[in-house]
Amino acid sequence: MIQDPVCPALEVRGLTRRYGSRTVVEDLSIRVEAGDLHGFLGPNGAGKTTTLRCILGLIHVDAGEISIFGETDPVARRRTVGAVVETPRFHEWMSGRANLEESAAYLGREADVDDALHRVGLQDRAGDLVKAYSHGMRQRLGLARALLGRPRLLLLDEPTGGLDPRGMREVRDLLRLLVRQDGLTVFLSSHLLAEVEALCNRVSILDRGRLVAQEDVSVLLERQVTDEVVEVGAEDCGRLRQALADLPGVEITGTGEAGRTLVALHQMTPAELNRSLLAAGVAVSALVPKGPRLEDLYLESVRSEDRS
Amino acid sequence: MTGPHLLRIYVAECRKTLGRGSGWTALGVAAGVGLLSVLVLAAGRHLGSQAVVNGATLPEVIRFTGPTALSWALHARNFYVLPLVLLWATGASFAGEIADHTLREALVRPVPRAVVLAAKVLALATLSAASLIVTATVAGAAGAALFGLEGTWGTVLAGFAASWLTDLGLIGLGVLASLWFRSVAGAVVGVVLMLMADLAARLALKLVAALGFETAGTLVRWMPGEALAAWEGYADGWVGAAFVGLLVLLGGTLGLAFLRLRRLDLP
Ligand SMILES: Nc1ncnc2c1ncn2[C@@H]1O[C@H](COP(=O)(O)OP(=O)(O)OP(=O)(O)O)[C@@H](O)[C@H]1O
Ligand SMILES: [Mg+2]
């Protein structure tokens, strides 16, 4: 089958899924370009796993269309996909290798089980029963299973969940390598903002089943650069707030750590702010640049949804 | 889907079906039942004319031959023992894999659900066949060693073959119950309760038939329990209706199971 090279790796259009009367995913549209490492960000219960299940045809959809490299048929579109949904599950009484062999049989094409095990560093424990695996080992075995048969698109549900810092780094390095070397496309859900920021070039942010942003991570970060955020602490908080209110080009956005005040700077650098405050007689005890962080954007997106 | 792909899925399912606790229990019990039946028959011969049953000595009512040993093994096997283990295996393959989400892991692969259903049913049919072969081999060998080769073996072996078909009917019921209850225990208990209800209904209908209502007698012949007893025909004469009923039972249960599986959310 020849696939259109300009086709997106994954395209979701108008996806809606209800549980009873509750709409869990609503009119969701996502486009993942081939070669992207696309983050799917959202708080707990946003509907990330539900969306992945719909994409994989594990649960029915109430509305919407899904295509993977242009293929819409629910069975055929899984041909190019490797997936981990929620915590990967295995036959506990079988070895890790036997579990992968079973999955390879269902896959139906040549799949190098040993290579997949090697990639996640499980080659030495592959003969052990999964029953005896730690959480991190299961997570890696799930990733190995998803890599069987060299898929073109990886759908991963919180792939670093429950891993220790080293395990997290290994998985992230592996994903980067897969994208760079094998030209794989990765669509990964996460509620770890730092992960998406560090790993992905594009992000879709989901909140309560609705898409609130879909952009290049760099564009999203840049947009905020003009609006730098700093945290200001002073001995006399009342006086600080009063002075800030009188200054043009600054805006109090909230309360930061240790009772410090969060300030957005529109036409001012942190140094200028410091000088102005001292001139106004405020004894500044701390001035922490917060920088434009995806976390802020993310929380902002989610918070603005709350208000509406 | 290609032939080799289908074959690989079937082999993978067989590997799991035979490797699970229910799988090797089925084979172990099959061997045990075969051996035990022959030993009981041998004990009967040993008691010989000392034992009196209904006013007749044992050699007057029982022919101590190899085929008798084999037939005892078949009856012992079909009397709840293997049917229960097969139901357990069916529940483990369907309800168990739904409950522990391992079925989902197969379904993320490019395989239609109908293929998964077919591969699992064929693997269970293979387990049933293997258990029958084990019982027949153990009981046949032990029977021949203890009682000699004389007698008509073919008839009893036909009973074993028919038991494979009735096992399929039972597996069909187990699959359907698995997809409804989605727990191994639920599937086993569900089918057992259904069969008990069926037995009670058949007894009631037979009573009604004895009172002169012939339709009741006709109805009994089409109940699932009669279909599942089709194997008994090797001794008393084959009942065509029972086999037709078995076919209907298998087609009906698997058809319904397919419709159910196709719509089921398997998160
Ligand atoms: N089987 C179900 N029945 C009813 N509601 C469900 C079911 N499965 C999920 N939900 C609801 O759908 C919503 C989205 O769940 P989902 O698991 O997709 O969230 P998520 O974004 O993956 O969250 P997390 O980060 O915690 O994994 C939740 O509110 C959840 O309660
Ligand atoms: Mg989730």
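Residues numbered from 1 in each chain as written. Chains lettered and ligands numbered in written order. Predicted model: local features only at pLDDT ≥ 70, side-chain atom pairs only at ≥ 80, totals over all residues. Heavy atoms only, no water.

Asker: Requested: an account of the site of ligand 1, with residues and values cited.
Answerer: Residues and elements named next belong to chain A. Taken together, 13 residues form the shell around ligand 1, and within it R22, G45, K48, T49 and T50 come nearest. A distance of 2.9 Å separates an oxygen atom of ligand 1 from a polar side-chain atom of R22. N44 is positioned such that a nitrogen or oxygen atom in its side chain is 2.9 Å from an oxygen atom of ligand 1. Bound to the protein, ligand 1 loses 65% of the 630 Å² it would expose on its own. Going through the elements one at a time, β2 (22-32) and α1 (48-55) are the ones with two or more residues in the shell around ligand 1. Considering only residue class, the shell around ligand 1 consists of 4 nonpolar, 6 polar and 3 charged. (Near = heavy atom within 4 Å. Polar contact = N/O pair within 3.5 Å; in protein donor to acceptor, adjacent residues only side chain to side chain. Areas by Shrake-Rupley, 256 points an atom, 1.4 Å probe, with all protein chains shown as cover. Helix = DSSP H or I, 4+ residues; strand = E, 2+ residues; numbered from the N terminus. Nonpolar A, V, L, I, M, F, W, Y, C, P; charged D, E, K, R; others polar.)

Asker: So what's going on with the sheet that holds strand β4 (residues 63-68) of chain A? Which residues, and what values?
Answerer: All names here are of chain A. What the 3 strands build is an open sheet, ordered β2-β1-β4; its pairing is antiparallel. Of all strands in the sheet, those with a lone pairing partner are β2 and β4, marking the two edges. Here the average twist between neighbouring strands, direction ignored, is 20 degrees. (Pairing = 2+ DSSP bridges. Axes fitted to C-alpha atoms, helices over the stretch in contact; angles between N-to-C directions.)

Asker: Give a description of the packing of helix α2 (residues 21-47) of chain B against helix α6 (residues 113-147) of chain B that names residues and reports values.
Answerer: Helices that pack against each other are described as a pair by the angle of their axes relative to one another and the distance between those axes. Residues and elements named next belong to chain B. The geometry of α2 relative to α6 is characterised by a closest axis approach of 8 Å and an angle of 25 degrees between their N-to-C directions. The angle between α2 and α6 falls in the class roughly parallel. Considering only the axes of α2 and α6, their crossing is right-handed. Contacts between α2 and α6 involve G23, A26, L27, A30, A31, G34, L35, V38, L41, A42 and R45 from the former and L127, A130, S131, V134, T135, V138, A139, A142, G143, L146 and F147 from the latter. A class-by-class count of the residues in the contact of α2 with α6 yields 16 nonpolar, 5 polar and 1 charged. (Parallel < 35°, antiparallel > 145°, perpendicular 65-115°, else oblique. Left-handed = near helix turned anticlockwise from the far one by under 90°. Contact = heavy atoms within 4.5 Å.)

Asker: So what about empty space enclosed by the protein? Which residues, and what values?
Answerer: Empty space among the atoms becomes visible once a probe the size of a water molecule is rolled across them. According to the stated counting rule, one finds 2 cavities of 30 Å³ or more in the structure shown. Contributing to the lining of the largest cavity are A:R89, A:F90, A:H91, A:N99, A:E102, A:S103, A:Y106, A:R145, B:T102, B:E105 and B:A106. Within the residue set of the lining of the largest cavity, elements represented by two or more residues are α2 (96-107) of chain A together with α5 (102-107) of chain B. Take the lining of the largest cavity: its biggest share by element is 4 residues, from α2(A). Among the residues making up the lining of the largest cavity, the classes are represented as 3 nonpolar, 4 polar and 4 charged. Looking at the second largest cavity, its volume works out to about 30 Å³. In terms of lining, the second largest cavity is formed by A:V84, A:P88, A:Q139, A:L143 and A:P159. Split into classes, the residues belonging to the lining of the second largest cavity amount to 4 nonpolar, 1 polar and no charged. (1 Å grid on protein atoms, 1.4 Å probe; cavity = no way out; pocket = protein on both sides within 12 Å on 5 of 7 lines; lining within 4 Å. Points joined across faces, edges and corners; volume = space filled by probe spheres on them.)

Asker: Outline the side chain of A:K48, supporting the account with residue identities and numerical values.
Answerer: All names here are of chain A. Locating K48 in the fold gives a position in helix α1. In this structure, K48 is buried with no salt-bridge partner, the nearest side chain bearing the opposite charge being E158 at 4.0 Å. Of the polar contacts made by the side chain of K48, one reaches the backbone oxygen of G42; its length is 2.9 Å. Setting aside residues no more than four positions away along its own chain, K48 makes contact with F40, L41, G42, P43, E158, S189, S190 and L206. (Buried < 20%, exposed > 50% of the residue type's maximum accessible area, 1.4 Å probe, protein only. Lys, Arg positive; Asp, Glu negative; His and termini not counted. Salt bridge = Lys/Arg side-chain N within 4 Å of Asp/Glu carboxyl O.)

Asker: I'd love a proper account of the nonpolar core, names of residues and values included.
Answerer: Counting residues in each nonpolar core, the largest one holds 58 residues, and the members touching the most others are A:L10, A:I55, A:L155 and A:F187. Sorting elements by how many residues they give to this core places α6(B) first, with 8 residues. A:L10 has contacts with A:I30, A:R31, A:V32, A:I55, A:I66, A:S67, A:I68, A:L153, A:L155 and A:F187, leaving out every residue within four places of it along the chain. Ranked by size, the runner-up nonpolar core spans 43 residues in total, among them A:M137, A:L199, A:V203 and A:I205. (Core = buried A, V, L, I, M, F, W, Y, C linked by side-chain atoms within 4.5 Å.)

Asker: If you had to explain the pattern of salt bridges to someone new, which residues and values would you point to?
Answerer: Scanning the model with the defined rule gives 32 salt bridges over all chains in all. Linking A:E231 and A:R260 is a salt bridge whose minimum nitrogen-to-oxygen distance equals 3.0 Å. Placement of the pair is A:E231 in strand β10 (residues 228-234) and A:R260 in the loop between β11 (250-255) and β12 (261-265), with a sequence separation of 29 residues. The class for A:R260 is partly exposed, based on a relative accessible area of 21%. In this structure, B:R77 and B:D167 form a salt bridge, with 2.6 Å as the shortest nitrogen-oxygen distance. Here B:R77, found in helix α4 (residues 66-99), pairs with B:D167, found in helix α7 (residues 153-181); they are 90 residues apart in sequence, far enough to count as distant.

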